[in-house]
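Analysis of the macromolecular model
In case you want the letters, here they are:
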Amino acid sequence: MRQINIAILGCGVVGSGVAKLLIEKQQLLESRIGVSLNLKYVADLDTKTDRGIKFKDGVFISDANKAINDPDVDIVVELIGGKTIAKDFIVKALQNAKHVVTANKALIASYGNTIVKTAIENGVDFAFEASVGGCMPVIKSIRESLVANHINSITGILNGTCNYILTKISQEGCPFDLALKEAQNRGYAEADPFLDVEGHDSAHKLAILTAIAYGMEINIEDIHVEGISKITPMDIEFAKEFGYAIKLLAISKNCLDKGSVEARVHPTMIPIALPLAHVNGSMNAVTINADATGETMLYGAGAGMMPTASAVLSDIADIARNIMAVDIADTKSAVMSENRINMASNISGRTRVPILGFQAKNIRKIPILPITDISTCYYIRLAAEDHPGVLSKITGILGSRGISIQSVHQKGRRENGPVPVVMITHRAIEKDVQLALKEIASLDAIPEMPVVIRIEDY
Ligand code: HSE
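Please read these numbers as outputs of a predicted model, since none were measured by experiment. (Residues numbered from 1 in each chain as written. Predicted model: local features only at pLDDT ≥ 70, side-chain atom pairs only at ≥ 80, totals over all residues. Heavy atoms only, no water.)

**Details of the packing of aromatic side chains**
A complete count under the given rule lists three aromatic pairs for this structure. Ring centres 4.8 Å apart and planes at 40 degrees place the aromatic pair Phe55 and Phe60 in the tilted group. On the basis of relative accessibility, which here comes to 17%, the residue Phe55 falls in the buried class. What makes Phe60 partly exposed here is its relative accessible area of 22%. Lying over the aromatic face of Tyr111, Lys87 brings its terminal NZ or CZ to 4.5 Å of the ring centre. Over the aromatic face of Phe128 sits the side chain of Arg143, whose NZ or CZ is 6.0 Å from the ring centroid. (Phe/Tyr/Trp six-rings, centres within 6.5 Å; stacked < 30°, edge-to-face > 60°. Buried < 20%, exposed > 50% of the residue type's maximum accessible area, 1.4 Å probe, protein only. Lys NZ or Arg CZ within 6 Å of the ring centre and 35° of its normal.)

In structure tokens, the structure reads:
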């Protein structure tokens, strides 16, 4: 049986999971793929800590370069994380004509375009299913299953840590810091949890999905990002009263008829009746709206050792099948030896599915709509002095900017001091809302900056 040699770089949580699957599921993998996946190296600076895995002699090494430079290695799996050493190893491996698999969403979001170019130039594959949504096959679904669709929108809960925190606050009244600590203890959070809590991890994932959905270059810089650190239990309770749940959503919309796309990450109120509102704990989910299929929803574990390792294995299996297909083509025809050289310089010959879902020549730079230009409904919470005429001033300012109010609730009554006033607007342009709120905040009767949460009421 044909043997494909694999080197894993980084034996942390996910690296150990991938090694375990390769060893423990060897028979299943062989019977499904038709090749033997041989774990040739696992490279990690720390070879002393017990990972609970019995490696064959010479497999567990400290020098990643040994694996990258070994001509027998077919696939390098980068699971070190970060954007420095990991990037160098990936680029070197691609230049050495090795296929590369990674789960490193931060790296792809920042350097994906150049890494993809390097892979294409070297006629090898670069695969990253595990970078978005853990075990949910969202990249495969968009690139392959929905190949005949124009994607209208993608709406996802893509960060398990934030979803866990919001669920704990909403269902148990758990304090934010305690919920974060629990998420960290469960191994969901990034090494730097700021990336989770402030929405950047979701943005990295959204940058990847947006690129493969619309045939555009990966663009992280222009994605608007807000995290959940300013969400209060009070807003979660008010949201429930209005029939909404608050989720950190990654939203991408096709506005190609106007020459742009939307891509934004922020806490969002969604109707409690929506399936996404019931995605709780560390679970992830994504809804893909496409022209032929309508709405498709994926739901699954977005983080954790084995779910993420499972996604890495799906990439390894795809690449192994591609290698087999090229081998078969080579043996079928003597003429193929000539063609094979041609194919090596042409990604669509070497890899069945283009890395970013579209043929490289069709990938464009498409602008992301500035957040000020989006149009949606808004939840606005003000602390307002409870005096006659205050509400009419507020509604007057909103009205003068063309912002129509759907409902207003004053919560409680106080002779001295502010009371919460909560409003839901009809659809409005973000820049009008921002200008109106600035004006409202300057009123004497408004002692604090208003809180705003966008509503997606599909
Ligand atoms: N920190 C990420 C999360 C891990 O919480 O979802 C998976 O990418």
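**Some thoughts on the site of the ligand**
Taken together, 13 residues surround the ligand, and among them Lys105, Gly160, Thr161, Glu190 and Asp196 come closest. Here Glu190 contributes a side-chain N or O atom positioned 2.6 Å from a nitrogen atom of the ligand. In this structure, an oxygen atom belonging to the ligand sits 2.8 Å away from a side-chain N or O atom of Lys205. Of all the secondary structure elements, the ones that give two or more residues to the shell around the ligand are helix 7 (160–172) and helix 10 (200–214). Looking at the shell around the ligand residue by residue, the classes come out as four nonpolar, four polar and five charged. (Near = heavy atom within 4 Å. Polar contact = N/O pair within 3.5 Å; in protein donor to acceptor, adjacent residues only side chain to side chain. Helix = DSSP H or I, 4+ residues; strand = E, 2+ residues; numbered from the N terminus. Nonpolar A, V, L, I, M, F, W, Y, C, P; charged D, E, K, R; others polar.)

**Considerations on the environment of His204**
Mapped onto the elements of the fold, His204 is located in helix 10. The class for His204 is buried, based on a relative accessible area of 10%. Residues His204 and Ser314 lie 110 residues apart in sequence; the distance between their C-alpha atoms is 21 Å. His204 has contacts with Lys105, Ala106, Ala109, Leu195 and Ile220, leaving out every residue within four places of it along the chain. (Contact = heavy atoms within 4.5 Å.)

**Let's talk about the side chain of Thr376**
By the element assignment, Thr376 lies in strand 13 (residues 375–385). Judged by relative accessible area, Thr376 falls into the buried class, the value being 3%. Among the polar contacts listed, one links the side chain of Thr376 to the backbone oxygen of Ile455, at a separation of 2.6 Å.

**Focus on the pairing of strand 13**
Of all eleven residues in strand 13, ten are buried; the element is thus mostly enclosed. Taken together, the five bridges between strand 13 and strand 17 (residues 451–455) define a ladder with antiparallel strand orientation. Along strand 17, the bridge assignment pairs Ile380 with Val452. In this sheet, strand 15 (residues 418–425) lies alongside strand 13 in antiparallel orientation, the contact comprising seven bridges. For Ala384, the partnering residue across the bridge sits in strand 15 and is Val419. (Pairing = 2+ DSSP bridges.)

**Regarding the sheet that holds strand 2 (residues 36–43)**
Strand pairs in the sheet, formed through backbone hydrogen bonds, run parallel or antiparallel to each other. One open sheet holds the six strands; their spatial order is 3-2-1-4-5-6, and the pairing between them is parallel. The sheet is open, and its two edges are formed by strand 3 (60–61) and strand 6 (126–127), each paired on a single side. Two strands pair when backbone bridges link them, and strand 4 (residues 75–78) and strand 5 (residues 99–102) are joined in this way by four bridges, in the parallel orientation. Pairing of Val76 across the sheet is with Val100, part of strand 5. The strands touched by helix 4 (residues 85–95) within the sheet are strand 1 (3–9), strand 4, strand 5 and strand 6, with strand 5 carrying the most contacts at an inclination of about 155 degrees. (Axes fitted to C-alpha atoms, helices over the stretch in contact; angles between N-to-C directions.)

**With respect to the side chain of Lys20**
Examined against the element boundaries, Lys20 turns out to sit in helix 1 (residues 13–24). Glu24 is the oppositely charged side chain nearest to the buried, salt-bridge-free Lys20, at an N-O distance of 6.0 Å. If we ignore the near neighbours within four places in the chain, the residues touching Lys20 are Lys25, Arg51, Gly52, Ile53, Met305 and Met306. (Lys, Arg positive; Asp, Glu negative; His and termini not counted. Salt bridge = Lys/Arg side-chain N within 4 Å of Asp/Glu carboxyl O.)

**What to know about the pairing of strand 17**
As defined by bridge partners, strand 10 (residues 260–271) adjoins strand 17 across two bridges and the pair is classed as parallel. The partner of Met269 across the bridge, within strand 17, is Ile455.

**Regarding helix 10**
An ideal rise of 1.5 Å per residue puts 21 Å on 15 residues; helix 10 measures up with 21 Å between its terminal C-alpha atoms. Most of helix 10 sits out of view: 14 of its 15 residues are buried. Gly215 lies just past helix 10 and shows a positive phi near 75 degrees. (Expected span 1.5 Å × (residues − 1).)

**Some words on the pattern of salt bridges**
Applying the stated criterion across every chain, the model contains 23 salt bridges. Notably, a salt bridge pairs Lys40 with Asp72, separated by 3.8 Å at the nearest N-O pair. Taken together, the positions of Lys40 in strand 2 and Asp72 in the loop between helix 3 (64–69) and strand 4 put the pair 32 residues apart, joining distant regions of the chain. Here Lys40 falls in the partly exposed class, since its relative accessible area comes to 23%. Measuring nitrogen to oxygen at the nearest pair gives 3.0 Å for the salt bridge that ties Glu190 to Lys105. With Glu190 in the loop between helix 8 (176–185) and helix 9 (194–197) and Lys105 in helix 5 (residues 105–121), this pair connects stretches of sequence that are 85 residues apart. On the basis of relative accessible area, Glu190 is assigned to the partly exposed category, the value being 23%. By sharing partners, the salt bridges in this structure join Lys105, Glu190, Asp201 and Lys205 into a single network.

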